[in-house]
Amino acid sequence: MKTIIFDLDGTLLDTLADLADSANYTMEQMGYPTHPVESFRYFVGNGVPKLLERCLPEDKRTEENIQTARTIFAEYYNVHFVDKTKPYDGVAELLKNLKKSGVKMAVASNKSDEFTVSLVKRFFGNAFDMVQGGKADVPKKPAPDIVYGIMEKLGAVPENTYFAGDSNVDMYTAKNAGIKAIGCLWGFRTKEELLEGGADFLAESPMDIYKILED
């Protein structure tokens, strides 16, 4: 039986605008410059602390400032995390077809577990066999720990397991876990980054993932 593990932000959901709005609000509250939404394509991917560190001016990236930013960000994002967030076109059809084919599906994100579970439930119901976000006791992607945990619980084997994501972090995660990597071209990053990260396959649209697994 085949298993596919999905990244969340930039792969299943377009969360960029809400993340950018929340981070820019945080910068405004702290008296620092804001950033264009497009810049956040390269700020996200390694969890909120790293996102906020990248938003702060280089000479202001102290641990104290990052902690202050995390508090402000969390309060704002908790209210506004679905203002503009939406599934990418074709994702619902993909999930429906994969489920019909008996493929096991999971989500693995560096976004906090609370928000990951909430977003997946809100937009995809019970489509996934397992959903896991960032936890304090599990190293963040590209460490393979989150993948290993999911595979163990789902009874998945490396030769039949795929990881789909939109960044080099996701490609590295797949490589580190010894599974196949699918680069999603509709997400936040570029084709070049995905190939350099070690993508085994490239998907131009969500349904391309179904074809890759079917083949």
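As shown above, the structure is provided for reference.
Residues numbered from 1 in each chain as written. Predicted model: local features only at pLDDT ≥ 70, side-chain atom pairs only at ≥ 80, totals over all residues. Heavy atoms only, no water.

Peer 1: Lay out the overall build of the protein chain with the relevant residues and their values.
Peer 2: A tally of regular secondary structure across the protein chain gives ten helices and eight strands. Taken against the 2.2 N^0.38 rule, which gives 17 Å for 215 residues, the C-alpha radius of gyration of the protein chain at 17 Å falls within 12% of a compact globule. If you line up the protein chain on its principal axes, its C-alpha atoms span 50 × 30 × 30 Å. Expressed as a percentage of the 215 residues in the protein chain, the buried residues total 49%. (Helix = DSSP H or I, 4+ residues; strand = E, 2+ residues; numbered from the N terminus. Rg over C-alpha atoms; globule rule 2.2 N^0.38 Å. Buried < 20%, exposed > 50% of the residue type's maximum accessible area, 1.4 Å probe, protein only.)

Peer 1: Tell me about the pairing of strand E6 (residues 161–165), and name the residues and values.
Peer 2: With five of five residues buried, E6 lies mostly within the body of the structure. Note that strand E1 (residues 3–6) and E6 share four bridges and pair parallel. Bridge pairing in E6 places Ile5 opposite Phe163. Taken together, the four bridges between E6 and strand E7 (residues 180–184) define a ladder with parallel strand orientation. Residue Tyr162 lies in a different strand from E7, and its bridge partner there is Lys180. With helix H8 (residues 168–177) bridging E6 and its parallel neighbour E7, the resulting β-α-β unit is right-handed. (Pairing = 2+ DSSP bridges. Right-handed = clockwise from strand over helix to strand, strands pointing away.)

Peer 1: Lay out empty space enclosed by the protein in plain terms, naming residues and giving numbers.
Peer 2: Here the structure, examined in full by the defined rule, presents one cavity of 30 Å³ or more. One number sums up the size of the largest cavity: a volume of about 50 Å³. Lining of the largest cavity is provided by Ser109, Asn110, Gln132, Gly133, Gly134, Lys135, Val138, Pro139, Lys140, Lys141 and Ile146. Elements with a contribution of two residues or more to the lining of the largest cavity: strand E4 (104–112) and strand E5 (130–134). Looking at the lining of the largest cavity element by element, the count peaks at three residues for E5. A breakdown of the residues in the lining of the largest cavity according to their chemical character gives three nonpolar, five polar and three charged. (1 Å grid on protein atoms, 1.4 Å probe; cavity = no way out; pocket = protein on both sides within 12 Å on 5 of 7 lines; lining within 4 Å. Points joined across faces, edges and corners; volume = space filled by probe spheres on them. Nonpolar A, V, L, I, M, F, W, Y, C, P; charged D, E, K, R; others polar.)

Peer 1: An account of the environment of Phe128 is requested, with residue identities and associated values reported.
Peer 2: Of note, Phe128 is situated in the loop between helix H6 (113–124) and E5. Exposure remark for Phe128: the relative accessible area of 10% places this residue in the buried category. Sequence-wise, Phe128 and Gly183 are 55 residues apart; in three dimensions their C-alpha atoms are separated by 20 Å. Once residues within four sequence positions are removed from consideration, Phe128 is found in contact with Phe6, Leu12, Leu95, Met105, Ala106, Val107 and Val120. (Contact = heavy atoms within 4.5 Å.)

Peer 1: Requested: an account of the pairing of E4, with residues and values cited.
Peer 2: Remark: a regular strand shows side chains that alternate across the two faces of the sheet. Taken across its nine residues, E4 has seven buried, putting it largely inside the fold. Pairing between E1 and E4: four bridges, direction parallel. When the bridges of E4 are listed, Ile4 appears paired with Met105. Here E4 pairs with E5 via four bridges, running parallel. Its bridge partner being in E5, Val107 is matched across the sheet by Val131. A crossover connection joins E4 to the parallel E5 through H6; in handedness this β-α-β unit is right-handed.

Peer 1: Before we move on, can you summarise the nonpolar core with the specific residues and values?
Peer 2: Judged by nonpolar contacts, the single largest core of 51 residues is most densely connected at Ile4, Phe6, Phe128 and Ile209. The element that contributes the greatest number of residues to this core is helix H1 (residues 16–30), accounting for six residues. For Phe6, the contacting residues outside a window of four places in its chain are Thr11, Leu12, Leu94, Leu95, Leu98, Met105, Ala106, Val107, Ala108, Phe128, Ala164 and Ile209. Counting residues in hydrophobic clusters, the runner-up holds 18 residues, among them Val147, Ile150, Leu154 and Ala199. (Core = buried A, V, L, I, M, F, W, Y, C linked by side-chain atoms within 4.5 Å.)

Peer 1: Tell me what's going on with the packing of aromatic side chains, and back it up with residues and numbers.
Peer 2: Applying the stated criterion across every chain yields a total of nine aromatic pairs. Ring centres 5.9 Å apart and planes at 55 degrees place the aromatic pair Tyr77 and Phe81 in the tilted group. Each member of the pair Tyr77 and Phe81 is classed as buried. Here the aromatic residues Phe73, Tyr77, Phe81 and Phe115 are joined through ring pairs into a cluster of three or more. One cation-aromatic arrangement involves Lys180 over Tyr162; the distance from NZ or CZ to the ring centre is 5.2 Å. (Phe/Tyr/Trp six-rings, centres within 6.5 Å; stacked < 30°, edge-to-face > 60°. Lys NZ or Arg CZ within 6 Å of the ring centre and 35° of its normal.)

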